[in-house]
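Listed below are the residues making up each chain.
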Amino acid sequence: MTLYLGRRLLAVAGVLVAIAAVTFTVFYVLPSDPAAAACGKSCSTDRLEAIRAHMGLDRPLWRQFADFVTGIFTGRTMGSGQYALHCAFPCLGYSYENSEAVWDLLMDRLPVSASLALGAAVLWLALGLSAGVTAALRKDSLTDRALMVGAVAAASLPVYFTSMMLIYGLIRTAGLLPYPQYVPLGDDPLHWASNLLLPWLALAVLYAAMYARQSRSSMIETMAEPYIRTARAKGLPRRTVVVKHGLRAGMTPILTLFGMDLGGLLAGAVITESIFGLPGIGRLFYGALSTGDQPVILGVTLLAAAFIVVANLAVDLLYAVVDPRVRY
Amino acid sequence: MTTTPTPASSPAPAAVPAGSGPWQLARAELRRRTAVKVSLAVVALFLLMAAGAPLLSSLAGWSPEEFDKTAVDPYLGGRPLGPLGGISADHWLGVEPVTGRDLFARVVHGAQVSLLIALTATAIVVLAGTAAGITAGYFGGRTDAVLSRLMDLTMSFPSLIFMIAMMSVAKDVNRILLMTAVIGLFGWPGVARVVRGQTLSLRHREYVDAARVGGSGPWRILTRDILPGVAGPVIAYTTLIVPGMIATEAALSYLGVGVRPPTPSWGQMIAESVAFYDTDPMYFVIPSTCLFLTVLAFTLLGDALRDVLDPRSGRT
Amino acid sequence: SGGKQSAGGKDGKNPAAAHEGTAIGGTPQKGGTLTVLSNQDFTHLDPARNWVMNDMDFGTRLLYRTLVTYKATPGTQGGGLVPDLATDLGTPSADARTWTFHLKQGVKYEDGSPVTAQDVKYNVERSFSPDLPGGADYAARYLAGAEGYRGPAQGRHLDSVKTPDDRTIVFELRKPFAEFPNATVMPTFAPVPQAQDKGPQYDNRPFSSGPYKVDSYARGKKLVLVRNDHWDPGTDEVRKAYPDKLVVLMGLKANQIDDRLIASQGADASAVSWGALRPESAAKVLPDARVRERLLAESTNCTDMVQMHTGRAPFDDPKVRRAVQYALDRDAVLTASGGPAFNDLSTAYMPASLFGGKQPDTLKIPVTGDADKARQLLKEAGKPDGISTKITASAGDKGRAEAVQQSLGRAGIKVTIETVDPSAFYATIGDTENRTDMVYTGWCPDYPSGSTFLPFVFDGRFIKEKGNSGNHSLFRDDATMKRMDEIGAMTDTKAAAEAWQQLDGRILAQAPTVPVLVRRWPLVLGTNIAGAYGHTSFGGQIDYATVGLKDPAKSRD
Amino acid sequence: MAAQAVPTDPAAPAGPAASEEQPLLSVTDLTVTFPTRHGDVRAVDSLSFAVRRGQTLGIVGESGSGKSVTSLAVMGLHTGARVTGSIALVGRELNGLPERELNRLRGRRMAMIFQDPLSSLHPYYTVGEQIAEHHRVHFGSRRAAARKRAVEMLAEVGIPEPARRAGEYPHQFSGGMRQRVMIAMALACEPDLLIADEPTTALDVTVQAQILELIARLQEQRGLAVVMITHDLGVVARVAREVLVMYGGRAAEQAPVDTLFADPGHPYTRGLLDSLPRLDDSDDAPLRAIPGSPPSLLDPAPGCAFSPRCPRAAAATPAERAHCAGVRPELRPSQGHLVSCHLSLHTAARVQGGTR
Amino acid sequence: MTAGTAPLPSVPPPSVPLLSVRDVTMTFPGRRGGRSAPVRAVDGVSFDLAAGKTLGLVGESGCGKSTTGRMIVRLLEPTTGSITYDGRDISRLGRRELKPLRKDLQMVFQDPHSSLNPRQTVARIIADPLLVQGMAAAGARKRAAELMEMTGLIPEHIDRYPHEFSGGQAQRIGIARALATGPRLIVADEPVSALDVSVQAQIVNLMERLQRELGLAYLFIAHDLSVVKRVCNRVAVMYLGRIVEVGDKERVYAAPAHPYTQALLSAVPLPDPVAERARERITLLGDPPSPAAPPSGCTFHPRCPKAQEICRTEAPLLRVAAPGEAREVACHFAAADNP
Ligand SMILES: Nc1ncnc2c1ncn2[C@@H]1O[C@H](COP(=O)(O)OP(=O)(O)OP(=O)(O)O)[C@@H](O)[C@H]1O
Ligand SMILES: Nc1ncnc2c1ncn2[C@@H]1O[C@H](COP(=O)(O)OP(=O)(O)OP(=O)(O)O)[C@@H](O)[C@H]1O
Ligand SMILES: [Mg+2]
Ligand SMILES: [Mg+2]
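Calculation notes
Residues numbered from 1 in each chain as written. Chains lettered and ligands numbered in written order. Predicted model: local features only at pLDDT ≥ 70, side-chain atom pairs only at ≥ 80, totals over all residues. Heavy atoms only, no water. UniProt positions renumbered as here; feature names shortened; annotations may be inferred. Helix = DSSP H or I, 4+ residues; strand = E, 2+ residues; numbered from the N terminus. Buried < 20%, exposed > 50% of the residue type's maximum accessible area, 1.4 Å probe, protein only. Contact = heavy atoms within 4.5 Å. Areas by Shrake-Rupley, 256 points an atom, 1.4 Å probe, with all protein chains shown as cover. Disulfide = S-S within 2.5 Å. Buried area = accessible area lost by both parts, 1.4 Å probe. Salt bridge = Lys/Arg side-chain N within 4 Å of Asp/Glu carboxyl O. Polar contact = N/O pair within 3.5 Å; in protein donor to acceptor, adjacent residues only side chain to side chain. Nonpolar A, V, L, I, M, F, W, Y, C, P; charged D, E, K, R; others polar. Phe/Tyr/Trp six-rings, centres within 6.5 Å; stacked < 30°, edge-to-face > 60°. Lys NZ or Arg CZ within 6 Å of the ring centre and 35° of its normal. Near = heavy atom within 4 Å.

- An unreviewed UniProt entry annotates chain B as Peptide ABC transporter permease originating from Streptomyces hiroshimensis.
- As stated in UniProt under Sequence similarities (unreviewed entry), the record for chain B gives "Belongs to the binding-protein-dependent transport system permease family."
- The Subcellular location (unreviewed entry) comment attached to chain B in UniProt states, word for word, "Cell membrane".

- The name given to chain A in an unreviewed UniProt entry is ABC transporter permease, and the organism recorded there is Streptomyces hiroshimensis.
- As its UniProt record puts it under Sequence similarities (unreviewed entry), chain A is described as follows: "Belongs to the binding-protein-dependent transport system permease family."

The following block contains the structure:
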């Protein structure tokens, strides 16, 4: 188990370094000059060079990358002299744009994205799984048909469409909800929730639809398993058969999906955040793109990748808990 | 005594004429379903629309890039004149606000771009994925290990984020090509996994052994025994990833890193129309509906194909 | 299609320009919280780096004071200067190469310490630091001995800025510069005490010498300003500082900001928008007199231009350039830019404000262009089959570029659009070697003088291979350059202004660029806003020195 | 020994005296139909049989002959099927009983074990939990008591170290042991009837022998009625007292085991016995195969399902053949057997030459 | 076998076996708890098979029967040991060198449906080996029809797909395919295990007939001892990768020498209630162990009723059980109990 975990963690680190390298290269190879962007409208060549040197952009790519990677673990000092900045342990560099440590920026934005992702996840799991399981248990009934038609349709709606409809319906027309504006959970839980409700809904609709479809087929498959027949043959009440024997096995495949989806979303639902103007990581990223703020872009990419790999690892470990056949 | 119940030991159902292969059976099964017929019709409609875009728009009398200043009110931020976003005999689906470009022409040309990107990306994904999956599954061992690691790595990429980043930094390139390539780059592991799994299971079928005993080499086995067996699930999977591809193109265009103006694509149109969603709802509704219908049709079709061609697999 | 009826501009008057030159909402009451809704963050608030019109407005009107500043008056009067930190507009030496300013007594920072001449010098020096890029470069252009200077980081100082005592600062210039007081309006000439300097991170919390200080600043999310109790209104004839507090909410969706302000419900009544009204929201504003009541639409005074690479084929041929000039449908671009309510067509380079209110129309080209004439010109240039070329535009100008593309297409000039992110835009077009033949970009005069326009845009000596700016047509004409030097040396401002205007026409005749339009800066105000007007020198942005609330009790908090 | 742990169920049927005359399970005219896309599949057709306490009924038949469908019908486990006819457990009619009522009988009065013990056991729960969970439901016993019961049962079916093994998961057991676990589970609540659907098919011969022996021992100890379903005539010969031969969803023949093997009445039974290679046969003569293949249930012929393959029908007159193909034979008593054949081997000796 | 069957000219003299397997082992790389745990599926197996004869290979599930068969047709390459076919060691040949041999060595599989490609017509399935060997398509099709006739199928069904056939018919197709190239040795891996009892006999009869007509040699793998007894001349009993007893059918069945063979025979239920009741049974304890962790010494000792100390430590060798007898046994105490 420890061995396995060690191996997996090593693999996670490897994947992250690989992703960092690829991202780094892409941004280096493709033309974009953050120094020039920082330099501004009227920029002398002399000054441009100075800025470039200051940003370390004059150094060979591999050196920049090596500095970056070692910086993550050891921290590093950027610039020199009076304005030298020390960037401590998980050092992902400083934003070109506003000179804040990328790590701090990410951590500052993470609560927003996490609130969005987790809230939506709760919602979509609740909606999706209950719809899926209900449909599975009433397979081929009218309820099943209706739920599944709804699910296919909802899954086909792009998130921006749903979002705009929600905004139009619930804010503009009905005036039921405020325009989303992030309030930290710690400040005011009620406002936190009421402001996030719409983005949650928008995200949840799409995912709930996918999960409903998925959990339905998984549940149908499980309910056809011989061990369910065994449970029924033992005279267990239907509820026990469905919940204890059916759900647990039927929901395990959903776990993998959930890990991947949540991992992907934690680091920013770019579209949703941008539609609702939520200051999450996705928006940070989108903003960084338009200003060519490479350290931030790289930071977000890495964070997102880290969430995905870690979520996958977590799912794999959880599997061992859920399914005793899996042993590490 | 280790009898595995052989389900098909009875002769073929009477409804199907003798000598019909699995493909014919699948086709007959598909033909029975209404959802399939409807989605096929929708898909065909949009494909025809895409293919005949120039013809259609010349019929309607407008090219997708042609401004019509008479159709918009410059003093209202270019809102289309007339009801329903300017729908008239002149402009069948109304016009784009600000520019007055003909929406019908743009929608059909947008279909061309959106479907071209989605289908080409799908083709890339499917070809690359099938090749990788079949290689990994059939040859196993080190080949499998390397390819599987590569799949894991690719799947660990925050693909949308990465795609946006790549699209936004690349400038002097053909956007459509780049977008197709970028979408394709992240899609192949999905197919590869499905194909690999299927190949693994087929490789242990006795008919593959039989072919080897019969003297067939790996190439012959791959093309004659494995590939046709993999084809069913791949077709079903392909149909199910097309909507994803369409949606990805739309998402990228929506985020402003998609096609280059004045080329229309559905995503680009929706992105632009979002700003007008309450002043000119038709502008928003028309491309959204097209996108929705296409995605829905492909999803339904894919569901049916999966039912028929690949009864045991779920989403991967 | 006669049934279609335009909703605005029936009487030929611009419905959006009703409040031009006036303040809306009467005189504000003191107190309350003014909310600013923004779809973005400030580029820089560090005075050494702040060189974006709106940000300069915000910084210099609220957080720090400069030697000289603009009058707080609506209309063209706003271009006038008043002393701020300084006691007067500066005393030049006879050759206008040495300028002396004296600082007022009793100007204090937020911690109560006095503002000194050394602090002003220190910030000027900071602006040279490569760690702190982005700021205005007047100091670099004019101060003597500035070449190769890299800021105060290594303990090196600029000898050309002298501080004989705490309240006197003397600037020694490289060449005569009669308009130097105009330059000292720039945030570069705001004070930063060395003890407070945190290098790049100063940007996140500038040390206040103005009426407000930073209470909290979460980049990209929220900035809260509260009163600086050490600010003495007695030393300040410009800033009124009505609200008790300013809250800038950032990263909102532009459309949602528009919708919120149009609705102006609850706390939004005490809000203003940071960014301009989106063209697509025009339809929600212009037809509604009650909303139009709250609409500002001051001119930005920036001229949008289609600039051609005059250094290489095909645009090295003036005939081809003139073909573009004739082919261009400025009206289409105008519509794409939000329509006549929010833009004014341009017939000259310099904005109307530099022409005393109205641009001359020397060429008399129809607003929708003259495709036949353009084709004719192309034929004369030996290109009867037209040409193919590319244009680079900032992503935000995509619609305008499409209109350019479409209209040039009518004359056989096939244009491909490259959109570039705003951030990378200047770097991209500044690379003279690799850039496209055409770019769509504009220029804003920093202060109302032709010297901050024409030399920046058409002086061939400023062309750089990389990082080129301003002169994107790479126009290099000896006569023009000679004339610019002559005008620059004039001390009679009135004569100089006339000379610039003439020069403008002469350049236009050579068509290095095509002036297209001058944008306005439309803003819908909350119903509780008072004292708001678009300041002509800040690109039409609200003058934050004077804006306040009608009824502070209605604001949030 | 475990009996005292089981409280008496008030709903229990009358004492052993009553059951002497009344069979424990009696199935009459059972018909099970599956509606499918291609039409109705009549998997079981008018089947009747009865089992007495302490007895073993063997049901044989080849793949698809309806054995499993029958057993699931008895347990009331069909979901998508139409079940008609009567299934009576100690006189109580089960067919049509609501699910809740059935649940009180399933696992308690009648239990079932399946062919593939691995997939029939839930992979996520320990075997201890699975053996005893319905004990808690049926007797309302506590977790600890149920666990104790599970360990007892494991010991009873001969699993070493039962206390430790109860905490393990099915995949940690070998095939034979899994089947023992299934048996322990089935017997945990002291049922009266055990239905075993091919319990040894997935197992090796040596392990099969162990399991058959175990079932026989437990049956003797507890006076269980057992329905043993198999396609292996050898297994039936070993364990059953009464045998039901199924063909195409119908009963072909029913008889006490000795009579059936010694003197089969149905040509199919005869053919089956003839086509089997036998270990105790010294003769190396070629096997007598039954020509053709088992019938489809989708479009059942109106007459005897076996008639297309039947050597007697083949040798019969055209009129008889037409009769066989067109008219369904009833199950009729014939020399101590019940045989459903128009040309039963007992009734006519004309084609005797064709058989041994 | 009828006396009339003339020995085929191609059959080598009986002294030289057609197939000779010597000390073949097969080790699969395996994993257990994250560690590599090789599975020795076949462990030093040796036997001979004469032309035109049948050797039965019996044993419990997982004992290595299929692996042995697959090595002989070279679906697997043995880890060690040699396989000599017709005087030539084929155990290390590459794919190209094997190709001509494929004509001679064929295989019939257990599951008739999974061994037929569901997407190919019968014509293609049967003709495929011929096409690989370079025969023209038309000729191959004709030959396929002949083979269908020969195996009791209706040649008109040549363009049907496998799912349109019943299990028994499908197995006939499998046999026809194996016969296509005119092989001399067929490895039949449980050819009747998946079939219904009533059909099983048809296939057994067919295989016997083909052997007579074509002079085939069979390696007949099965776990059903009664079928093996019917079909084979010689029988080899495997336990956990090793042959524990091999000899002429009559001897092995009449007087099994190895305790495992004895137990196996006594465990087979007889379709005769009277005989069943009368029978004395040896019931083995426990389950067959896993080849990944075989017991020490004689791998059968944990289940053996006769096990002694020596069995725990020393693996018995396969040796002639009694002088002059064509039977070998691997048991320390085999002779002692031999009736
Ligand atoms: N749910 C179902 N829907 C349709 N047909 C079914 C269903 N279940 C069983 N059948 C059909 O009923 C017939 C009898 O099946 P059953 O499982 O009882 O056979 P069996 O005698 O148990 O065979 P085996 O020895 O293979 O287990 C088969 O033809 C089968 O195809
Ligand atoms: N490719 C393989 N990789 C790893 N182990 C294998 C492989 N093939 C077979 N084995 C193992 O080798 C052993 C022998 O397998 P084999 O298939 O030869 O048994 P068998 O006697 O044919 O059994 P059955 O009666 O179940 O067919 C088994 O334990 C099996 O798990
Ligand atoms: Mg069954
Ligand atoms: Mg095998």
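1. A closer look at the overall build of chain B
Next up, step 1: Looking only at helices and strands, chain B features 11 helices and two strands.
Next up, step 2: Element order for chain B, N to C, with α for helix and β for strand: α-α-α-β-β-α-α-α-α-α-α-α-α.
Next up, step 3: Considered along the principal axes of its C-alpha atoms, chain B spans approximately 85 × 50 × 30 Å.
Next up, step 4: Scored against the burial criterion, the 316 residues of chain B give a buried share of 60%.
Next up, step 5: When contacts within chain B are restricted to residue pairs at least 6 apart in sequence, long-range pairs at least 24 apart make up 73% of them.
Next up, step 6: Of the roughly 11,500 Å² that chain B leaves accessible, carbon and sulfur atoms contribute 68%.

2. Focus on the state of the cysteines
Residue and element names in this part refer to chain D.
Next up, step 1: Per the stated rule, a full pass over the model turns up one disulfide over all chains.
Next up, step 2: The thiol of Cys341 is unpaired, and the distance to the nearest cysteine sulfur, on Cys310, comes to 5.7 Å.
Next up, step 3: Taking relative accessible area as the criterion, Cys341 reaches 6% and is therefore assigned buried.

3. Considerations on the interface of chain E and chain B
Accessible area lost upon the coming together of the parts serves often as the stated size of an interface.
Next up, step 1: The interface is formed by 37 residues belonging to chain E together with 36 residues belonging to chain B.
Next up, step 2: Between chain E and chain B, a total of about 3,100 Å² is buried, with carbon and sulfur atoms accounting for 52% of that surface.
Next up, step 3: Counting the surface chain E buries against chain B, the share from its top three residues, Leu75, Arg119 and His163 of chain E, is 20%.
Next up, step 4: If you look at where chain E meets chain B, you find three salt bridges.
Next up, step 5: Inspection of the region where chain E meets chain B yields 13 residue pairs in polar contact (both at pLDDT 80 or more).
Next up, step 6: Contributing elements (two or more residues each) for the side of chain E that touches chain B: helix 2 (95-102), strand 8 (105-108), helix 3 (122-132) and helix 5 (167-179) of chain E.
Next up, step 7: Broken down by element, the side of chain E that touches chain B gets its largest block of residues, five residues, from helix 3 of chain E.
Next up, step 8: Across the side of chain E that touches chain B, the residue classes tally to 13 nonpolar, 12 polar and 12 charged.

4. Quick look at the UniProt feature "transmembrane region" (unreviewed entry) in chain B
All names here are of chain B.
Next up, step 1: In the numbering used here, UniProt assigns the feature "transmembrane region" (unreviewed entry) to residues 35-56, 113-138, 150-170, 176-195, 234-257 and 282-305.
Next up, step 2: This span, residues 113-138, is 100% helix and 0% strand, and a straight line between its end C-alpha atoms measures 36 Å.
Next up, step 3: Between the end C-alpha atoms of residues 282-305 the distance is 34 Å, and the span holds 100% helix and 0% strand.

5. Here's the deal with the packing of aromatic side chains
Next up, step 1: One pass over the structure, following the stated rule, counts 44 aromatic pairs over all chains.
Next up, step 2: Between Phe24 of chain A and Phe65 of chain A the ring centres are 5.3 Å apart and the planes differ by 65°, which places this aromatic pair in the edge-to-face class. Of this pair, Phe24 of chain A sits in helix 1 (residues 2-29) while Phe65 of chain A sits in helix 4 (residues 61-74), and the two are 41 residues apart along the sequence. Across this residue pair, the class does not change: Phe24 of chain A and Phe65 of chain A are buried.
Next up, step 3: Three or more aromatic residues joined by ring pairs form one cluster here, namely Trp99, Phe101, Tyr142, Phe171, Phe177, Phe180 and Phe189 of chain C.
Next up, step 4: We note Arg165 of chain D situated over the ring of Phe173 of chain D; from NZ or CZ to the ring centre the distance is 4.4 Å.

6. Looking at the site of ligand 2
Residues and elements named next belong to chain E.
Next up, step 1: Every residue near ligand 2 is listed here: Phe28, Ala41, Glu60, Ser61, Gly62, Cys63, Gly64, Lys65, Ser66, Thr67, Glu190 and Pro291.
Next up, step 2: A distance of 2.9 Å is found between an oxygen atom of ligand 2 and a backbone nitrogen or oxygen belonging to Lys65.
Next up, step 3: Thr67 places a side-chain nitrogen or oxygen 2.4 Å from an oxygen atom of ligand 2.
Next up, step 4: With the chains in place, 63% of the 630 Å² that ligand 2 exposes on its own is no longer accessible.
Next up, step 5: Of the residues that constitute the shell around ligand 2, the class distribution is four nonpolar, five polar and three charged.

7. Points about the interface of chain D and chain E
Next up, step 1: Contacts between the two partners involve 45 residues from chain D and, on the opposite side, 43 residues from chain E.
Next up, step 2: Each partner contributes to the roughly 3,600 Å² buried at the junction of chain D and chain E, and carbon and sulfur atoms together form 54% of this total.
Next up, step 3: There are two salt bridges connecting chain D and chain E.
Next up, step 4: The salt bridge partner of Arg277 of chain E is Asp258 of chain D, with a shortest N-O separation of 2.5 Å.

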